[in-house]
Amino acid sequence: MDKLHHIVVVGGGAGGLELVTSLGDKLGKKRRARTTLVDAGLTHVWKPLLHEVASGSLDANANEINYRAHARKHHYEFQLGRMSGLDRTAKKLVIAPFHDEEGAEVVPERHISYDTLVIAVGSTANDFGTPGAQDNCLFLDSLKQARRFHKLMLNAFLRKNHKALQGAEHTLNISIIGAGATGVELAAELRLASRELPVYGMNHLQASDVSISVIEAADRILPALPARLSAAATRELEHQNVQVLTGQPVSEVREASIIMKDGTELPAEMTIWAAGIKAPAFLAELDGLEVNRSNQLVVEQTLQTTQDTDVFALGDCAACPQPDSDRPVPPRAQAAHQQADTLFKTLCNRLENGEAVPFVYNDHGSLINFSRYTTVGNLMGNLSGRSMYIEGKVARLFYLSLYRMHQVALHGMLRTGIIWLMDKISRAMHPRLKLH
């Protein structure tokens, strides 16, 4: 095994996990190359679903993938740990010590040798240095954070339900800073939770007692998407009694309120930061690799880093140029999926001394899901290049197919079909919301 070409992929998100799955099935199974996945967690949940985990409409336990079990089935290796450094001359990456929940060291610092390195560590929320954001906001960058949010949300509802029983003031103010896809979809999920939880015993608290606000600094929500889609999303949020505040930059986040740039103070007992992303800070310290202002690794169109042809990057942590555009590939799940496909071809070619495949991003459109209420979106035509606006059941079907496509890439058609059937049975047997 030591003589085989060793491909190390850091980050088991959408792109990284799909890549190691393909490499393991194609190269690892036939002993043509050795593939190792490195991740700081033991399980994978598709990041676009984290807002559903946070609200309780999705049970993460039933939808997460254990890396060790998946590695065994798909012929790659898994190393638990967080990348903390890189030695490009020796072609080794540094894995930080792993500690248990009590802080005791379980595994010391390690070094892993590689022939080809792929960095796919995703992104984190960018609070732009807003005072109080780190101390007083909740974030949804990881499964751990989503689960923490869910617990805090249930406790907040329980507390307000008890106050309502006592006849005391019991309005719950929830604010979401940032009206991109995550912020908008989370608002809809929280509205669903406010209507569903009274069914399960919190019957002294009404949905109207839960005030949900979405705050966006730009002049409209979903500013990166077409204006028609933004307008439809605004109408739907307002229909669901979600307050939409646009053109409202946040200047400070306090423990129980938000201060706007114009001095307006908005009460908020729970504040979620969903505005902007940046790559992890440690990427700026990786042995001279070039990064941009958002800490993203600057790569060529082949996804190779500008300073080292043996180090690649994909997904949200990579700033990849595109022909005839002055903007890099947008940080979206479909981009990571396409990059994983392209990089798979490149890495297979490298074993035969072949050339790297340039990456060309194909925008297939955008879909915004408003929980069980509706879905809106636009699909890009392959031939005309024009977008087609869709909504309702048709849009919902396309939205659900995105996750199924991710599952097919990881499990194949047969296992994905079985998973779909199990999901149907689970929904019929369990509460509509996760209640613990």
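Our subject is the structure that appears above.
The text that follows walks through the structure, step by step, so that each part is easy to find. (Residues numbered from 1 in each chain as written. Predicted model: local features only at pLDDT ≥ 70, side-chain atom pairs only at ≥ 80, totals over all residues. Heavy atoms only, no water.)

1. Quick notes on helix H10 (residues 393–411)
Here's step 1: An ideal rise of 1.5 Å per residue puts 27 Å on 19 residues; H10 measures up with 26 Å between its terminal C-alpha atoms.
Here's step 2: What H10 keeps buried is the set Ala395, Tyr399, Tyr403, Arg404, His406, Gln407, Leu410 and His411.
Here's step 3: One or two residues past the end of H10 sits glycine 412, with phi positive at roughly 90 degrees. (Helix = DSSP H or I, 4+ residues; strand = E, 2+ residues; numbered from the N terminus. Expected span 1.5 Å × (residues − 1). Buried < 20%, exposed > 50% of the residue type's maximum accessible area, 1.4 Å probe, protein only.)

2. As for the nonpolar core
Here's step 1: If you look at the biggest cluster of nonpolar residues, it comprises 52 residues, and the most contacted ones within it are Leu19, Leu93, Leu117 and Ile119.
Here's step 2: Take this core: its biggest share by element is 6 residues, from helix H9 (residues 333–351).
Here's step 3: In this structure, isoleucine 119 is in contact with Val10, Met83, Leu283, Leu286, Leu289, Leu297, Val311, Phe312, Ala313, Leu314 and Cys317, ignoring residues within four places of it in sequence.
Here's step 4: Core analysis: the second largest hydrophobic core is formed by 51 residues, Leu143, Phe157, Leu197 and Val242 among them. (Core = buried A, V, L, I, M, F, W, Y, C linked by side-chain atoms within 4.5 Å. Contact = heavy atoms within 4.5 Å.)

3. Thoughts on the pattern of salt bridges
Here's step 1: In this structure the tally under the stated criterion is 11 salt bridges.
Here's step 2: One salt bridge connects glutamate 64 with arginine 147, and the closest N-O pair in it is separated by 3.4 Å. You can see glutamate 64 sitting in the loop between helix H3 (60–63) and strand S4 (65–66) and its partner arginine 147 sitting in helix H6 (residues 143–165), a full 83 residues away along the chain.
Here's step 3: A salt bridge links arginine 254 to glutamate 265, with the nearest nitrogen and oxygen atoms 4.0 Å apart. On the criterion of sequence distance, the pair formed by arginine 254 in the loop between strand S16 (250–253) and strand S17 (257–260) and glutamate 265 in strand S18 (residues 265–267) is long-range, its members being 11 residues apart.
Here's step 4: For arginine 254, a relative accessible area of 37% translates into the label partly exposed.
Here's step 5: A single salt-bridge network, built from bridges that share partners, covers Lys91, Asp310 and Arg350. (Salt bridge = Lys/Arg side-chain N within 4 Å of Asp/Glu carboxyl O.)

4. Observations concerning the side chain of asparagine 378
Here's step 1: One can find asparagine 378 in strand S26 (residues 374–380).
Here's step 2: Once residues lying within four places of it in the same chain are set aside, the contact partners of asparagine 378 are Pro226, Leu229, His364, Gly365, Ser366, Ser387, Met388 and Tyr389.

5. Points about the packing of H6 against helix H7 (residues 181–196)
Here's step 1: The N-to-C vectors of H6 and H7 enclose an angle of 40 degrees; their axes lie 12 Å apart at closest approach. By the angle between their directions, the pair H6 and H7 is classed as oblique. Between H6 and H7 lies a crossing of right-handed hand. The segment H6 lies against H7, with Phe149, Met153 and Phe157 engaging Leu190, Ala193 and Ser194.
Here's step 2: Here the contact of H6 with H7 is built from residues that sort into 5 nonpolar, 1 polar and no charged. (Axes fitted to C-alpha atoms, helices over the stretch in contact; angles between N-to-C directions. Parallel < 35°, antiparallel > 145°, perpendicular 65-115°, else oblique. Left-handed = near helix turned anticlockwise from the far one by under 90°. Nonpolar A, V, L, I, M, F, W, Y, C, P; charged D, E, K, R; others polar.)

6. Overview of the side chain of aspartate 209
Here's step 1: Note that aspartate 209 resides in the loop between H7 and strand S14 (210–216).
Here's step 2: At 9.3 Å, arginine 191 is the nearest oppositely charged side chain to aspartate 209, a buried residue that forms no salt bridge.
Here's step 3: Leaving out residues up to four positions away in the same chain, aspartate 209 has contacts with His170, Thr171, Leu172 and His204. (Lys, Arg positive; Asp, Glu negative; His and termini not counted.)

7. Thoughts on the packing of aromatic side chains
Here's step 1: Tallied over the full model, the rule gives 2 aromatic pairs.
Here's step 2: Measuring from centroid to centroid gives 5.4 Å for tryptophan 46 and tyrosine 403, while their planes differ by 20 degrees, and the two rings are stacked. Of this pair, tryptophan 46 sits in the loop between strand S3 (43–44) and helix H2 (50–55) while tyrosine 403 sits in helix H10, and the two are 357 residues apart along the sequence. By the burial criterion, tryptophan 46 is buried, and tyrosine 403 matches it.
Here's step 3: Aromatic pair tyrosine 67 and phenylalanine 78: ring centres 5.1 Å apart, planes at 25 degrees, arrangement stacked. Here the residue tyrosine 67 occupies a position in helix H4 (residues 67–73), and phenylalanine 78 occupies one in strand S5 (residues 77–80), the gap between them amounting to 11 residues. (Phe/Tyr/Trp six-rings, centres within 6.5 Å; stacked < 30°, edge-to-face > 60°.)

8. Some words on the pairing of strand S23 (residues 308–313)
Here's step 1: Sheet analysis places strand S11 (residues 116–119) next to S23, joined by 3 bridges and oriented parallel. Bridging from a neighbouring strand, valine 118 pairs with phenylalanine 312 of S23.
Here's step 2: Of the pairings in the sheet, the one linking strand S22 (residues 304–305) to S23 comprises 2 bridges and is antiparallel in character. Bridge pairing in S23 places glutamine 304 opposite phenylalanine 312. (Pairing = 2+ DSSP bridges.)

9. Quick notes on the sheet that holds S5
Here's step 1: Taken together, 6 strands build an open sheet; the order of strands is S5-S2-S1-S11-S23-S22 and the sheet is mixed. Strand pairing shows two members of the sheet lacking a second neighbour, S5 and S22, which therefore form its edges.
Here's step 2: Along the sheet, helix H1 (residues 14–28) makes contact with strand S1 (5–10), strand S2 (33–39) and S11, crossing S2 at roughly 160 degrees.
Here's step 3: The sheet contacts of H9 involve S1, S2, S11, S22 and S23, and relative to S23 the element is tilted by about 150 degrees.

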